[in-house]
Amino acid sequence: MLRLSFAPMTAPAMHDSYASLRISKYRWFILSLMLMTVATQIRGVVVAWQVYANTHDPLSLGFIGLAEALPFISSALYAGHIADRHDRRRISLAALAVLFGCALALLALTVRVRVSVWPFYIVIFVSGIARSFLQPARTALAAELVPRALYPNAVAWRSSTWQFAAVLGPAAGGLLYAFGGPAWSYVVDATLMAASLAALAAVRHPPRRVEVLHHSVRDSLAEGIRWVRSQPIILGAMTLDLFSVLFGGATALLPIFASEILHTGPAGLGVLRAAPAAGAVVMSVMVAHGRPMVRAGRALLLNVGAFGACMVGFGLSRSFALSLVLLSVSGMVDTVSVVVRSTLLQVLTPDALLGRVSAVNAIFIGSSNEIGEFESGVTAKLLGAARSVVVGGMLTLAVVGLTAWRVPSLRRLRELK
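Residues numbered from 1 in each chain as written. Predicted model: local features only at pLDDT ≥ 70, side-chain atom pairs only at ≥ 80, totals over all residues. Heavy atoms only, no water.

1. Remarks on the overall build of the protein chain
To keep things clear, this is the line we draw: Every helix listed is a DSSP run of H or I at least four residues long, and every strand listed is a run of E at least two residues long, numbered separately from the N terminus. Each residue is assigned to one of three classes by its accessible area relative to the maximum for its type, calculated with a 1.4 Å probe on protein chains only: buried under 20%, partly exposed between the two thresholds, exposed over 50%. Any pair of residues with heavy atoms lying within 4.5 Å of one another is described as a contacting pair. Accessible surface area values rest on a Shrake-Rupley calculation with a 1.4 Å probe, where residue burial reflects the displayed protein chains alone.
A tally of regular secondary structure across the protein chain gives 14 helices and zero strands. Listing each helix as α and each strand as β along the protein chain from the N terminus yields α-α-α-α-α-α-α-α-α-α-α-α-α-α. Per-residue burial for the protein chain yields a buried fraction of 55% across its 417 residues. Residue pairs in contact within the protein chain that sit at least 24 positions apart in sequence constitute 89% of those at least 6 positions apart. Put simply, the protein chain shows about 17,500 Å² of open surface, and 67% of that area lies on carbon and sulfur atoms.

The following block contains the structure:
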């Protein structure tokens, strides 16, 4: 039986840093993830710049996050139920196909001579529904592709791949927008999304046997929620990430920083968007090559606290170079949280519940990015962009202290095994 250890381990066995990548179907999965992430990151930069250029209103950036978060939250639990009852690979392919269609829709809107921002919000709304089905199905599928003993290694490589794509995507989006315009940016977005579909289709994995249970959808969803509530360590880690991302995220306001505070233009926006992921790539590779953390709970709390401190510093900075450093460090420390939480989910959650638990996690974490963008837009409207980021970072530090006090089992957590 797999357990979390609260005591030091004995002498470690030989560690293979590339164990999960030696599995062919997992490599195809990773390639699909990378291509899709680059595409969506390009899309995020271009949509944000287009909307802000048309409105010059911080609240319009917040509405981008809200337009994606509302359908995501509304659909996520049901999507988790579907992921536990049907072929997770097919669900992921269908969701990716919808995201590909959204890229084509944005391209069609852009080539029109004049169009308001509201059709962009509608496309983002549809993409939120697709993402709500993709996230739990793909997370659960990843756990099927590798042996359970390789989960920590697989999570680390999945995280580093995502972060690498999140470095490349925003930088490419900013450069494409600056030198080719939004239409060419969406052409690249759609092409990469099509390639991601092809890579996932190449994952040859027989669907798992699903136990037929005569539970209602309501009972099925309640079972997943009850299980999460019964696990204080998982619930504490989810809550910590929820509020740190909700209060501490500055991504939605980067167009304002690039345009009005740091004066770098769309190319600088792409670099700013890429900086956190650049730091995360470095940390993810270090985690993948390193041995398991001996004090995972303490590392989680300290690194989320460091993330909050970086946000305070970023909000106060007026130097482009210093801002890049702070964003890069924020990406490094945030990666520790991602690896610990993702490994906890895959190690502790029974396979039959993994889709629903991943959906609960997606509501806590995935939607908090978009809700955080809306919160940032509102507070920036009231306080200004810089003050909004500083206050958010300080609230993140307060959340870390409260979590450490209220969830001592998370603070004492040692190895993940």
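Resuming the write-up.
2. What about the packing of aromatic side chains?
Remark: the centre distance and the inter-plane angle together describe each pair of aromatic rings, the angle taken between the planes. Keep this limit in mind: Two rings belonging to Phe, Tyr or Trp (six-membered ring only in the last case) form a pair when the distance between their centres is within 6.5 Å. Interplanar angles under 30 degrees mark stacking, angles over 60 mark edge-to-face geometry, and anything in between is tilted.
The final tally for this structure, using the stated rule, is seven aromatic pairs. Taking 6.4 Å as the distance between ring centres and 65° as the angle between the ring planes, the aromatic pair formed by Trp-49 and Tyr-177 counts as edge-to-face. Linking Trp-49 in helix 1 (residues 24-55) with Tyr-177 in helix 5 (residues 151-201), this pair joins segments that are 128 residues apart in sequence. A single burial state applies to Trp-49 and to Tyr-177, both of which are buried. Taking 4.7 Å as the distance between ring centres and 40° as the angle between the ring planes, the aromatic pair formed by Phe-257 and Phe-314 counts as tilted.

3. A closer look at the environment of Trp-184
On the secondary structure map, Trp-184 appears in helix 5. As a C-alpha pair, Trp-184 and Thr-110 span 74 residues in sequence and 9.8 Å in three-dimensional space.

4. Quick word on a nonpolar patch on the surface
This is how it is decided: Candidates for patches are residues over 30% relative accessible area with no salt bridge; among them, like charges are joined within 9 Å and nonpolar side chains (Val, Leu, Ile, Met, Phe, Trp, Tyr) within 5 Å. Salt bridges are identified by distance alone: a Lys or Arg side-chain nitrogen within 4 Å of an Asp or Glu carboxyl oxygen.
Residues Leu-70, Val-98, Ile-122, Phe-125, Val-126 and Ile-129 make up a contiguous nonpolar surface patch of about 480 Å² in total accessible area. Ranked by residue count, the leading element in the nonpolar patch is helix 4 (residues 118-145), at four residues. One can find Ile-129 in helix 4. In this structure Ile-129 comes out as partly exposed when scored by relative accessible area, which is 32%.

5. So, unusual backbone geometry
Within the chain, His-263 stands out as a residue other than glycine whose phi angle is a positive 55°. Relative to the helices and strands, His-263 is located in the loop between helix 8 (254-261) and helix 9 (265-289). Given a relative accessible area of 59%, His-263 falls into the exposed group.

6. Let's talk about the packing of helix 1 against helix 3 (residues 88-111)
Applicable threshold: Helix axes use the C-alpha atoms of the stretch in contact, all axes being lines fitted to C-alpha atoms, and the angles between their N-to-C directions lie in the range 0 to 180 degrees. To sort the angles, those under 35 degrees are grouped as roughly parallel, those over 145 as roughly antiparallel, those from 65 to 115 as roughly perpendicular, and the leftovers as oblique. Each crossing is labelled by how the near helix is turned from the far one, with a counterclockwise turn of less than a right angle marking it left-handed and a clockwise turn marking it right-handed. All residues other than Ala, Val, Leu, Ile, Met, Phe, Trp, Tyr, Cys, Pro, Asp, Glu, Lys and Arg, Gly among them, are scored as polar; the first ten of these are nonpolar and the last four charged.
Orientation of helix 1 relative to helix 3, taken along the N-to-C sense of each, is 30°, at an axis distance of 12 Å. Classified by the angle between their axes, helix 1 and helix 3 sit roughly parallel to one another. Viewed along their axes, helix 1 and helix 3 form a crossing whose handedness is left-handed. The residues of helix 3 that touch helix 1, namely those facing Ser-32, Met-36, Arg-43, Val-47 and Gln-50, are Leu-96, Leu-99, Cys-102, Ala-103, Leu-106 and Thr-110. Looking at the contact of helix 1 with helix 3 residue by residue, the classes come out as seven nonpolar, three polar and one charged.

7. Focus: the pattern of salt bridges
Taken as a whole, this structure holds five salt bridges when the rule is applied. For Arg-43, the salt bridge identified is with Asp-189, shortest N-O distance 2.7 Å. With Arg-43 in helix 1 and Asp-189 in helix 5, the pair connects residues that are 146 residues apart, well separated along the chain. Put simply, Glu-68 and Arg-131 hold a salt bridge, and the shortest N to O gap is 2.8 Å. Separated by 63 residues along the polypeptide, Glu-68 in helix 2 (residues 58-85) and Arg-131 in helix 4 bring together distant segments of the chain. One salt-bridge network, in which partners are shared between bridges, spans Asp-84, Arg-88 and Glu-144.

8. Some points on the environment of Ser-337
With respect to the element layout, Ser-337 can be found in helix 11 (residues 320-348). As for Ser-337 and Asp-241, which are separated by 96 residues in sequence, their C-alpha atoms are 7.5 Å apart. Excluding residues that lie within four positions of it along the chain, Ser-337 makes contacts with Asp-241, Leu-300 and Val-304.

9. Overview of the side chain of Gln-50
Put simply, the rule reads: Two N or O atoms count as a polar contact when they lie within 3.5 Å, although within protein this holds only if one can serve as hydrogen donor and the other as acceptor, and sequence-adjacent residues are included solely when both atoms are side-chain atoms.
Here Gln-50 is to be found in helix 1. Among the polar contacts made by the side chain of Gln-50, one reaches the side chain of Tyr-186 at a distance of 2.6 Å. Sequence-distant contacts of Gln-50, defined by excluding residues within four places in its chain, comprise Thr-110, Phe-120, Tyr-177, Pro-182 and Tyr-186.

10. Notes on the packing of helix 8 against helix 13 (residues 385-406)
At a minimum axis distance of 10 Å, the contact between helix 8 and helix 13 shows a crossing angle of 135°. Looking at the two axes, helix 8 sits oblique to helix 13. As for the relative orientation of helix 8 and helix 13, their crossing is left-handed in sense. Contacts between helix 8 and helix 13 pair Ile-256, Phe-257 and Ile-261 from the former with Ala-385, Ala-386 and Val-389 from the latter. Residue composition of the contact of helix 8 with helix 13, grouped by class: six nonpolar, no polar and no charged.

Take it as geometry only, folks, not as evidence of what the structure does.
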